[in-house]
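Descriptive structure summary
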Amino acid sequence: VGGSLNDSVGYRLAGKTYQSDGYIDNTYLNADDTNNFDETALRGKLSIATSSNLSLGLTVFYADIDNGYDVFNYDNLRKTLSNEPGHDRQETLAAAISSDWAINDSLSLEANLSHANSNIEYGFDEDWRNPEFCIVETCTFGPDDYHTAFDNYKRDNQNTAIDIRLISDETNSSTNWVVGIYHRNQSVDLNQVYTDSGSFSFFSSEYDTSNTALYSDLSHDITDSLTLSIGGRIEARDADYRDSTAFEPPSTDETLWGAKISLSYQITNEQIVYSTLSRGYKPGGMNSNSAVPEAFREYDTETM
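This text gives an overview of the structure that appears in the document. The structure displayed is predicted, hence computed values, not measured ones.

1. What to know about the sheet that holds strand E7 (residues 86-104)
- Pairing is antiparallel in the open sheet, where 12 strands are placed in the order E1-E2-E4-E5-E7-E8-E9-E10-E11-E12-E13-E14. Taken across any chain shown, the strands that pair with only one partner, and hence form the sheet edges, are strand E1 (2-4) and strand E14 (272-279). With strand direction ignored, the average angle separating the axes of adjacent strands in the sheet is 10°.
- In the sheet, strand E8 (residues 107-125) pairs with strand E9 (residues 149-168) via 19 bridges, with the strands oriented antiparallel. Within the sheet, the bridge partner assigned to Ser114 lies in E9 and is Ala161.

2. Quick notes on the nonpolar core
- Phe124, Tyr153, Leu190, Phe203, Tyr207, Ala239, Tyr241, Phe247 and Met286 together form the largest nonpolar core, which totals nine residues.
- Residue assignment for this core shows that the elements contributing at least two residues are strand E11 (199-221) and strand E12 (226-243).
- Other than its neighbours up to four places away in sequence, Phe124 contacts Tyr69, Phe72, Gly86, Ala149, Phe150, Asp151 and Tyr153.

3. Some details on unusual backbone geometry
- Of note, Asn30 is a non-glycine position whose phi angle comes to about 55°, a positive value.
- Mapping Asn30 onto the fold places it in the loop between strand E3 (25-26) and strand E4 (37-51).
- Of note in the backbone geometry, Trp128 takes a positive phi value of approximately 70° without being a glycine.
- For Trp128, the position within the fold is in the loop between E8 and helix H1 (133-136).

What counts as what
Residues numbered from 1 in each chain as written. Predicted model: local features only at pLDDT ≥ 70, side-chain atom pairs only at ≥ 80, totals over all residues. Heavy atoms only, no water. Pairing = 2+ DSSP bridges. Helix = DSSP H or I, 4+ residues; strand = E, 2+ residues; numbered from the N terminus. Axes fitted to C-alpha atoms, helices over the stretch in contact; angles between N-to-C directions. Core = buried A, V, L, I, M, F, W, Y, C linked by side-chain atoms within 4.5 Å. Buried < 20%, exposed > 50% of the residue type's maximum accessible area, 1.4 Å probe, protein only. Contact = heavy atoms within 4.5 Å.

Below is the structure:
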């Protein structure tokens, strides 16, 4: 639903709910909803024209997900034998503020600020079976060797980003450009509890990353048919990782860059030929799984 509150304020509200018993039957528990879906999402938006050359936007988003998780089996059928079905949950609250300021007829300034807070929990029956499994089925180990295991992960994910860009806005100009600055902070706290036949093991980690980037893009019409595009981005990234084991790698500070140059020619209204040379990157990171050997916990930045 949407509409106008007055001449300068518009609104929009949206909601979604999804309910399903899923596609899995748990034959041990005689249940058909151990891999169910229960998801609700709400979104509200405001658009405010404060003046003839300045507009503001506000978005608020909420998601509540409480799904089951019971999919592992031994025969690739949609039937499970687990005695402790898992779950896949998430609660997210996010908000964003945007502004668009027309400085003059040929220049505008856009800004976006956003924050998201997500609580995520994922757990599953790690042994896939029940106490009677080796009595009914033929096992290479006896019933006395049965163990029950459950693996559970809780994550708190905080993400804040700001993006400010200056944009040329000349309708009849042969050159258009944008220059921007971007910054993001993300913090992910993980708590893992592993239960095995009544015994517990605990693992926790904290992973903080910070990204600051400057970027620019320019497009110039050399002729009515020939266009040159040039863009670039340079980014400073800082990553800190620590966990409950003795493993604590040094802080990772790196400078990343990407760029492109492209030349395109419009042969007809339906045909175009172009050539592009570009360099992109994907920052490295840390594997928070303590079972991975330390030599492989950290992975490098990729470039293309």
